[in-house]
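Survey of secondary and tertiary structure
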Amino acid sequence: MQITSELLESCEANDRRGQKRLYELFFKMHMGVCFSYMANEEDARSMLNVAFLKVCTHIETVKNNPQVFYSWSRKILVNSILDEFRKNKRVRENEHRKEFDHEMEFESSSHDNDGMASLLEDDLKALIAALPENMRQAFMLFAVEGYSHKEICALMGITERTSKWLVYEARQALKKGVEKLNNWNNKMVI
Amino acid sequence: MSQEKEFDNAFKERIGNMDFEFKDAYWTEMSALLDNKKKKRGLLFWWISSGSVAAILLLVGLVYFTRNESQKQWAGFVNDSPSTEQNMQENENFSSSKQTLDANKN
C-alpha cells in the first residue's frame, strides 16, 4: 500500500474506505514515533487520532503531492504532541537540574552502539517509557526530529542549557539501560 | 561527539522500525471521531447562519425605527407653534370647566 493522489482525493471526498486505508498507513508510519513521545500505547493512539483529524481537514494541501505526505503528516503529528505537552505543562525548569557541564567531563564514552540494534523491541519500548517526560520529549526532538537545541528551547519553552542537559541525560539513561538489558538477556540465553 | 551521533541514529532507526499491530477497532474509534467532527461542523454552520439572519433582522429593525423616529421629530418641528397654542387653549378650557365643577360641588 502506498500513498497516492487517488487515495488522498478519495479522503478529501470523504470516502470512508479511502480514509480507513490512509489511517492504517498513517498508523504504521507514525505509531513508533508517537509512542516514543507519549510513552504508552493508549495515549499514543489518541494523539495519533487528533493528528489524523487535522490531516483529514487539510488533506487538500497535499493531495497533488503524495510524496510529501509522510513529512507533512509527521510535522502535524509532532506539532499536535507539542501542543498537548504545552497544555499540560508541568514543572520542567529546575526539576532535576544539575551542573551538567562538569558531569559530562567525567562520563565515560565506552558504551558501544551495537547494543541498540540488538535490543529486544519490548525492552526498547520499556526503556523509552521509563524516561521522564521532558527528557523523552527533548531527546526525541533532538535525535529523531533533528531539531537544534535553539529550536527545542523555543518549542518546549525551556532554556538552551536545559535542553542540552535533558538530551544528554536521556542519552545516558538509554545507553545504560541498553547495556543492562542486553547483558541480562545474554545471561538468560546462556 | 560522533559516537553520540551514532547512538542517536541507531535509536532513530529503531523508532522508525517499531512494530505496532493495527486493529480494526482502532478505525472504529477514529471514524467515530471523524463523524463527530462533521456534526460539529454542521452545528457551526447552523449557528453562523442563524446568527447572521438575526443580525440582519436587528439591523433592518433598527434602521426602520430610527427613520420613523426622525420623521416624527420632523413632523413635530413643523407643527410646533400651532400645536402649542392649541394645547394652551385646551388647557384653559379644561381649567375653567374644572373651576365650574368645583363651584358646583361647593
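Because the structure is a prediction, the values reported are computed rather than measured. (Residues numbered from 1 in each chain as written. Chains lettered and ligands numbered in written order. Predicted model: local features only at pLDDT ≥ 70, side-chain atom pairs only at ≥ 80, totals over all residues. Heavy atoms only, no water.)

1. With respect to the nonpolar core
In terms of nonpolar packing, the biggest core is built from 69 residues, with Leu-22, Tyr-37, Phe-52 and Phe-69 of chain A together with Phe-11 of chain B touching the most fellow members. For this core, the leading source of residues is helix H2 (residues 16–38) of chain A, giving 11 residues. If you count residues domain by domain, this core takes at least three from each of domain 1 (5–86) and domain 2 (89–189) of chain A. Each residue touching Phe-69 of chain A, except ones within four places of it in the same chain, is listed here: Ile-3, Leu-8, Leu-22, Phe-26, Met-29, Val-55, Ile-59 and Val-62 of chain A. (Core = buried A, V, L, I, M, F, W, Y, C linked by side-chain atoms within 4.5 Å. Buried < 20%, exposed > 50% of the residue type's maximum accessible area, 1.4 Å probe, protein only. Helix = DSSP H or I, 4+ residues; strand = E, 2+ residues; numbered from the N terminus. Domains from an automatic or database assignment. Contact = heavy atoms within 4.5 Å.)

2. With respect to the side chain of Asn-182 of chain A
Secondary-structure assignment places Asn-182 of chain A in helix H10 (residues 160–189). If we skip the residues at most four places from it in the chain, Asn-182 of chain A touches Gly-115, Ser-118 and Leu-119 of chain A.

3. Some words on the packing of helix H4 (residues 69–87) of chain A against helix H8 (residues 133–144) of chain A
Residues and elements named next belong to chain A. Axis separation between H4 and H8 bottoms out at 12 Å; the angle between their running directions is 155 degrees. When the interaxial angle is binned, H4 and H8 end up roughly antiparallel. Seen along the crossing, H4 lies across H8 with a hand that is left-handed. The segment H4 lies against H8, with Arg-74, Val-78, Leu-82 and Phe-85 engaging Glu-133, Gln-137, Leu-141 and Val-144. Grouping the constituent residues of the contact of H4 with H8 by class yields 5 nonpolar, 1 polar and 2 charged. (Axes fitted to C-alpha atoms, helices over the stretch in contact; angles between N-to-C directions. Parallel < 35°, antiparallel > 145°, perpendicular 65-115°, else oblique. Left-handed = near helix turned anticlockwise from the far one by under 90°. Nonpolar A, V, L, I, M, F, W, Y, C, P; charged D, E, K, R; others polar.)

4. Brief notes about the packing of aromatic side chains
Evaluation of the coordinates by the stated rule reveals 11 aromatic pairs over all chains. Judged by centre distance (5.0 Å) and plane angle (70 degrees), the ring pair of Tyr-23 of chain A and Phe-52 of chain A falls under edge-to-face. A residue pair is termed long-range when its members are at least 10 positions apart, and Tyr-23 of chain A in helix H2 and Phe-52 of chain A in helix H3 (residues 41–57) qualify at 29 residues. Each member of the pair Tyr-23 of chain A and Phe-52 of chain A is classed as buried. Between the aromatic rings of Tyr-23 of chain A and Trp-27 of chain B, the centroid separation amounts to 5.7 Å while the plane-to-plane angle is 50 degrees, which identifies the pairing as tilted. Of this pair, Tyr-23 of chain A sits in helix H2 while Trp-27 of chain B sits in helix H2 (residues 24–78), on two different chains. Side by side, Tyr-23 of chain A and Trp-27 of chain B carry an identical accessibility label, which is buried. Ring pairing ties together the aromatic residues Tyr-23, Phe-26, Phe-27 and Phe-52 of chain A together with Phe-22, Tyr-26 and Trp-27 of chain B, which thus form one cluster. (Phe/Tyr/Trp six-rings, centres within 6.5 Å; stacked < 30°, edge-to-face > 60°.)

5. Describing the interface of chain B and chain A
With 28 residues of chain B at the interface, the matching set in chain A holds 40 residues. In total, about 3,500 Å² of surface goes out of reach between chain B and chain A, with carbon and sulfur atoms giving 65% of it. The largest contributions to the chain B side of the interface with chain A come from Phe-7, Arg-14 and Phe-20 of chain B, which together make up 23% of the buried area. Between the two partners, chain B and chain A, sit 5 salt bridges. Where chain B packs against chain A, one counts 10 residue pairs in polar contact (both at pLDDT 80 or more). Ranked by residues supplied to the side of chain B that touches chain A, first place goes to H2 of chain B with 12 residues. Here the side of chain B that touches chain A is built from residues that sort into 12 nonpolar, 3 polar and 13 charged. (Buried area = accessible area lost by both parts, 1.4 Å probe. Salt bridge = Lys/Arg side-chain N within 4 Å of Asp/Glu carboxyl O. Polar contact = N/O pair within 3.5 Å; in protein donor to acceptor, adjacent residues only side chain to side chain.)

6. With respect to the environment of Lys-37 of chain B
With respect to the helices and strands, Lys-37 of chain B occurs in helix H2. With sequence-adjacent residues up to four places away left out, Lys-37 of chain B is seen in contact with Leu-53 and Thr-57 of chain A.

7. Section: the confidence of the model for chain A
All names here are of chain A. For chain A, the mean per-residue pLDDT works out to 87, and 86% of the residues sit at or above 70. Mean pLDDT per element in chain A: helix H5 (residues 100–106) is the minimum at 46, and H3 is the maximum at 96. Confidence drops under a pLDDT of 50 for residues 91–110, and excluding neighbours within four residues, the segment shows 30 contacts in the predicted structure. (pLDDT = per-residue confidence, 0-100.)

8. Structural notes on a nonpolar patch on the surface
All names here are of chain B. A cluster of nonpolar residues, Leu-43, Leu-44, Trp-46, Trp-47 and Ile-48, forms a patch on the protein surface that exposes about 630 Å² of accessible area. Assignment of secondary structure puts Trp-47 in helix H2. Owing to a relative accessible area of 57%, Trp-47 belongs among the exposed residues under this scheme. (Patch = residues over 30% accessible without salt bridge, like charges linked within 9 Å, V, L, I, M, F, W, Y side chains within 5 Å. Areas by Shrake-Rupley, 256 points an atom, 1.4 Å probe, with all protein chains shown as cover.)

9. Focus on H3 of chain A
All names here are of chain A. The first and last C-alpha atoms of H3 sit 24 Å apart over 17 residues, in line with the 24 Å expected at 1.5 Å per residue. Here H3 has its buried residues at Ala-44, Arg-45, Met-47, Leu-48, Asn-49, Ala-51, Phe-52, Leu-53, Val-55 and Cys-56. Of the residues that open H3, the one with a side-chain oxygen 3.2 Å from the backbone nitrogen of Glu-42 is Asn-40. (Expected span 1.5 Å × (residues − 1).)

10. Examining the confidence of the model for chain B
Residues and elements named next belong to chain B. With 66% of its residues at a pLDDT of at least 70, chain B reaches an overall mean of 78. Within chain B, no element has a lower average pLDDT than helix H3 (residues 80–105), which sits at 60, and none a higher one than helix H1 (residues 2–16), at 92. For this predicted complex, the interface score ipTM comes out at 0.84, while the overall pTM is 0.71.

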